[in-house]
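# Working through the structure, step by step
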Amino acid sequence: MKSSRKRRRMWIVVLAGLGLGSATALTLTAFQDNLVFFLAPSDIASKNPGPERAFRLGGLVEAGSLQRAQAADGRTEARFRVTDGPATIPVSYVGVLPDLFREGQGVVTLGKLGADGLFRASEVLARHDETYMPPEVADALKRSGHWDPAQGAAPPAASWNTLSPAAAQERNGG
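As a starting point, this report considers the structure included with it. Here the structure is a predicted model, which means the values were calculated and not measured.

Here we take up the overall build of the protein. Summing up its helical and strand segments, the protein has four helices and seven strands in all. Reading the secondary structure of the protein in the N-to-C direction produces α-β-α-β-β-β-β-β-β-α-α. The buried share of the protein, taken over its 174 residues, is 35%. Contacts in the protein between residues at least 24 apart in sequence constitute 48% of all its contacts with a sequence separation of at least 6. About 10,700 Å² of surface is accessible on the protein, with carbon and sulfur atoms providing 57% of the total.

Structure below.
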């Protein structure tokens, strides 16, 4: 009689553990699908996100890269390049761009990278004013060697796509 009670308890513990493990796995899977990561253009080459994965792309709108055209459905399509200095990613966005969107300014876009290397944005966020820089863009500039906050303010946005790490160090007195 004692062995059947022990067995029953063991099965209850095993089933409870299995249920708890399944619930945890489902919760983590749902959470993982809703995460949106930030990547700079130079991060894309090393991390190579899949075409089904949505993420935020941030950097500077490269000077001279903005082109506007009429999409097939009559809406405006904007094509531009986002750069963090060492790398550049072409972006396509169908819709109305924010009022503060300009070439040479910081931008964060949400979308997916196509197999052809074109980032198809579903949302475009422009910076607030001339002194604001999205934290993700500031981090990308620091990682790429274009800006050392200890040496002063960030380089002018219009120069990001022309700076080399050596020029950035020279500018910052390093």
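Another point: the environment of Gln67. Along the polypeptide, Gln67 turns up in strand β3 (residues 67-70). Spatially, the C-alpha atom of Gln67 lies 9.6 Å from that of Ser92, the residues being 25 residues apart in sequence. Setting aside residues up to four positions removed in sequence, Gln67 forms contacts with Glu77, Ala78 and Arg79.

Right, let's get into helix α3 (residues 135-144). Buried residues of α3: Val137, Ala138, Ala140, Leu141 and Ser144, and no others. Buried residues of α3, seen end-on, are gathered within an arc of 160 degrees and therefore sit on one face of the element. A positive phi of about 85 degrees marks Gly145, the residue just after α3.

The rules behind each value
Residues numbered from 1 in each chain as written. Predicted model: local features only at pLDDT ≥ 70, side-chain atom pairs only at ≥ 80, totals over all residues. Heavy atoms only, no water. Helix = DSSP H or I, 4+ residues; strand = E, 2+ residues; numbered from the N terminus. Buried < 20%, exposed > 50% of the residue type's maximum accessible area, 1.4 Å probe, protein only. Contact = heavy atoms within 4.5 Å. Areas by Shrake-Rupley, 256 points an atom, 1.4 Å probe, with all protein chains shown as cover. Arc of directions from axis to C-beta.

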